[in-house]
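# Reading the structure
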Amino acid sequence: GLNPPHGGQLVNRMAPASEQAALQREAATLPGWSLNHRQLCDLELLLNGGFSPLQGFLTQTDYESVLSDMRLANGLLWPMPITLDVSEDFARGLNVGDRIALRDPQGLNLAILTLSDLWRPDRLLEARQVFDSEDPTHPGVAYLLEDSGPVYLGGTLTGIQAPVHHDFQALRQGPAELRRLLAEQGWQKVVAFQTRNPMHRAHQELTRQAARQTGAAILIHPVVGQTRPGDIDHYTRVRCYQHLLQRYQGESVRLSLLPLAMRMGGPAEALWHAIIRKNFGASHFIVGRDHAGPGKNALGEDFYGPYEAQELVKAHADELGIEMVPFRKMVYVAQRGRYLPAEAARSDETVLSLSGTELRQRLKQGEEIPDWFTWPEVAAELRHRHPPRHRQGITLFFTGLSGSGKSTIAEALNARLLEQGQRRTTLLDGDVVRRNLSEGLGFSREDRDRNILRIAWVASQISRHGGIAICAQIAPYADTRQRARAMVEAEGGFVEIHVSTPLATCEQRDRKGLYALARAGKIKGFTGISDPYEPPKDPELTIDTRDVSPDAAVDQIIHYLEQAGYLRPR
Ligand code: PPS
């Protein structure tokens, strides 16, 4: 049969259907904790046994033992603390023995925690013990030091309903269900492949190699919970895996999705991954170079040695009862038209490989992605998600004093882009925005910030859909512009254009007569006169309308956009 779960018995914390209604009624009367995304992922795997033998969030004794020995208090190997961190506010008034409802972001009651432990952990110590680091560029450390609540709650869980997923439902299996499906196929040996990236032909070949070498069927088991910030979204990745699956030939292979929240804990995380895969029925687990690595630290160094993860899993393989299969670097040998382990290629043969960085570069430039590297249907998914710059969304963010010429240039630019016809644009000019989106807002710092952040949100949505948003506001505060940039850059490009026409010129022109009113004290808090303007330090472009006509300014901006690849040269 299949490999038994860690600790011998698969945990199932879901209450029987007959008790669900009563538990729901009880949960409605209990103090409720709204789970964050990571806690929600943890809860799902605690309830369905993916984290067997855990019956709930760690108690303090188990937690301390995991930190010092990578083991639960009963001696069983467990390298990763699975804890429920909450705020002081929520913890106040809770007592051991209390029952707490755990809710998803929509407010659905998913489970009840029977509180056995409540303590204030030393999170810096946890970072050192688990991640061997205090550096918040490590995402696992950052969560502990910057995002987590100061109080941990421990106790067993009673599941009322499993967390809800609306995507790829046919590919989501808990350990019991996956084991049933694997057994139905008659598989006993299964080699699991963990990934948080798209899979290319080299990955496919290495899973084939691993299967041949171990006589096992292949389980592609990608993480779709929380991965490293900046990773390709799981929707795109899963479509890529589905295409790849069609490219296996009569081999025993299955794809199933794992709603795990990764911690990027390197070696400790690799061991944890192996335990989880054992719970899902795997007998073998592929561990890569720098498995679950957090990337580079602030000094550009790796957090963990490249083979530490493999060594740690290998060292515990017997005790765990799951075999570590090292990930072999596969290269494409041009002369033979196929993939081979790097060491198997002869010195006179041309070997081809492409790094992740090169791939991203090619996607960005809209360059060709060779067929030997990835199947064309996989390349097409990636291209669709990461179109070349001339099809990516972008926000052109003008900032400058009243009367500096922002609106004039923005309007001229909009007209010119529409004339070219390459791009769809939306002009979010100050007056229009203040009449619609920001109606009722004034010119206090709070109101100006609200105005700018609303505009940034709209611009980010326009950028997300591949359009060009042209914004022309005073936007006097540097840190608010920075926030706007961050919001937009999550979805597309951001170009800050400082219209730097000096105050004296703006006042002299006084197109709307507002400067005169401001000087006379009839308008209070007027930017430049009686309210601050913080000039940008590092704008992408600076335009002073004393020296440049609106048409010349537009030429300059269009030239910049062409150079940066956002517009195709005419
Ligand atoms: S902000 O600070 O970015 O939210 O301002 P914005 O939305 O661009 O609005 C600026 C226009 O509002 C008029 N106005 C004032 N500007 C600055 N300070 C005060 N107190 C003020 N009161 C009204 C002014 O006409 C600005 O228009 P522009 O187009 O910049 O000349």
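What you see is a predicted model; the values in this text were computed from it and never measured.

Thresholds, definitions, all that
- Along each chain, the written sequence defines residue order, and numbers are assigned to residues from 1.
- pLDDT decides what is reported in this predicted model: residues at 70 or higher carry local features, side-chain atom pairs at 80 or more are listed and counted, and totals for whole chains, interfaces and linings draw on all residues regardless.
- Think of the side-chain values as coming from all heavy atoms in the structure, minus any hydrogens and water.
- Pairing between strands requires that DSSP locate at least two bridges from one strand to the other.
- Put simply, DSSP marks the helices as runs of H or I at least four residues long and the strands as runs of E at least two long, and each gets a number from the N terminus on.
- Salt bridge, as applied in this entry: a Lys or Arg side-chain nitrogen positioned within 4 Å of an Asp or Glu carboxyl oxygen.
- Whether a residue is buried, partly exposed or exposed follows from its accessible area with a 1.4 Å probe, protein chains only, as a fraction of its type maximum: under 20%, in between, or over 50%, in that order.
- Along the arc lie the directions from the helix axis toward the C-beta atoms.
- Only heavy atoms enter the contact rule, under which two residues are in contact if any of them lie within 4.5 Å.
- The convention used is that axes are lines fitted to C-alpha atoms, helices contributing only their stretch in contact, and that angles between N-to-C directions extend from 0 to 180 degrees.
- Being near a molecule or strand, for a residue, comes down to having at least one heavy atom within 4 Å of it.
- We call two N or O atoms a polar contact when they sit within 3.5 Å, provided that within protein one can donate a hydrogen and the other can accept it, with sequence-adjacent residues counted only if both atoms are side-chain atoms.
- Surface exposure here means Shrake-Rupley accessible area, sampled with a 1.4 Å probe, where a residue is shielded only by the protein chains that are shown.
- Residues are grouped as follows: Ala, Val, Leu, Ile, Met, Phe, Trp, Tyr, Cys and Pro are nonpolar; Asp, Glu, Lys and Arg are charged; every other residue, Gly included, is polar.
- To estimate the expected span of a helix, count its residues, drop one, and scale the result by 1.5 Å.
- Orientation categories follow fixed angle ranges, with anything under 35 degrees roughly parallel, anything over 145 roughly antiparallel, 65 to 115 roughly perpendicular, and all other angles oblique.
- Crossings are assigned a handedness: left-handed for a near helix turned anticlockwise from the far helix by less than a right angle, right-handed for a clockwise turn.
- UniProt positions are given in the numbering used here, feature names are shortened, and annotations may be inferred rather than shown by experiment.

## Looking at the sheet that holds strand 12 (residues 330-333)
As summarised here, the arrangement of the three strands in space is 13-12-14, forming an open sheet in which the pairing is antiparallel. A strand with exactly one partner marks an edge of an open sheet, and here the two such strands are strand 13 (338-341) and strand 14 (351-352). Sheet topology places strand 12 next to strand 13; four bridges connect them, and they run antiparallel. In the strand pairing of strand 13, V331 is matched with L340.

## A closer look at the pattern of salt bridges
With the rule as written, the count across this model stands at 31 salt bridges. Close ionic contact of R92 with D89 constitutes a salt bridge, the shortest N to O distance being 3.0 Å. Accessibility assignment for this pair places R92 and D89 in one class, exposed. E349 serves as the salt-bridge partner of R336, at 2.7 Å between the closest nitrogen and oxygen. Placement of the pair is R336 in the loop between strand 12 and strand 13 and E349 in the loop between strand 13 and strand 14, with a sequence separation of 13 residues. Accessibility expressed as a relative area gives 9% for E349, which makes it buried.

## Focus on helix 7 (residues 175-184)
Taken residue by residue, helix 7 has P175, L178, R179, L181 and L182 as its buried positions. Buried residues of helix 7 fall within an arc of 165 degrees about the axis and therefore sit on the same side. Elements that come into contact with the buried residues of helix 7 comprise helix 2 (37-48), strand 7 (190-195), strand 8 (217-222), strand 9 (253-255) and helix 10 (266-279).

## A short note on the sheet that holds strand 11 (residues 323-326)
Strands sit in the order 9-8-7-10-11 across an open sheet of five strands; the sheet is parallel. Because the sheet does not close on itself, it has two edges, and the strands there are strand 9 and strand 11. Across the sheet, the axes of successive neighbouring strands diverge by a mean angle of 25 degrees, strand direction being ignored. Sheet topology places strand 10 (residues 284-287) next to strand 11; four bridges connect them, and they run parallel.

## What to know about the site of the ligand
Around the ligand there are 18 residues in total, and S402, R434, R448, A475 and G525 lie nearest to it. In the model, an oxygen atom of the ligand is placed 3.3 Å from a nitrogen or oxygen of the G403 main chain. Between the ligand and R434 there is a distance of 2.7 Å, counted from an oxygen atom to a side-chain nitrogen or oxygen. In the complex, the protein chains occlude 90% of the 620 Å² of accessible area that the ligand would expose alone. Residue composition of the shell around the ligand, grouped by class: seven nonpolar, six polar and five charged.

## Describing helix 9 (residues 234-245)
For helix 9, which comprises 12 residues, the first-to-last C-alpha distance of 16 Å matches the rise-based estimate of 16 Å (1.5 Å per residue) to within 8%. Taken residue by residue, helix 9 has H234, T236, R237, V238, C240, Y241 and L244 as its buried positions. Among the structural elements, strand 7, helix 8 (201-214), strand 8, strand 9 and helix 14 (376-385) are those in contact with the buried residues of helix 9. Residue D233 occupies the N-cap position of helix 9, its side-chain oxygen lying 3.2 Å from the main-chain nitrogen of Y235.

## Points about the packing of helix 9 against helix 14
Helix-helix packing is characterised by the crossing angle of the two axes and by the distance between the axes. With their axes 9 Å apart at the nearest point, helix 9 and helix 14 run at an angle of 165 degrees to one another. Between helix 9 and helix 14, the crossing angle belongs to the class labelled roughly antiparallel. Helix 9 and helix 14 meet at a crossing whose hand is right-handed. Counting all contacts with helix 9, which are made through T236, R239, C240 and H243, the residues of helix 14 involved are E377, V378, E381, L382 and R385.

## Let's talk about the UniProt feature "domain: ATP-sulfurylase PUA-like" (unreviewed entry) in the chain
As recorded in UniProt, the feature "domain: ATP-sulfurylase PUA-like" (unreviewed entry) lies at residues 4-161. Secondary structure across residues 4-161 comprises 36% helix and 21% strand; the distance between its end C-alpha atoms is 25 Å.

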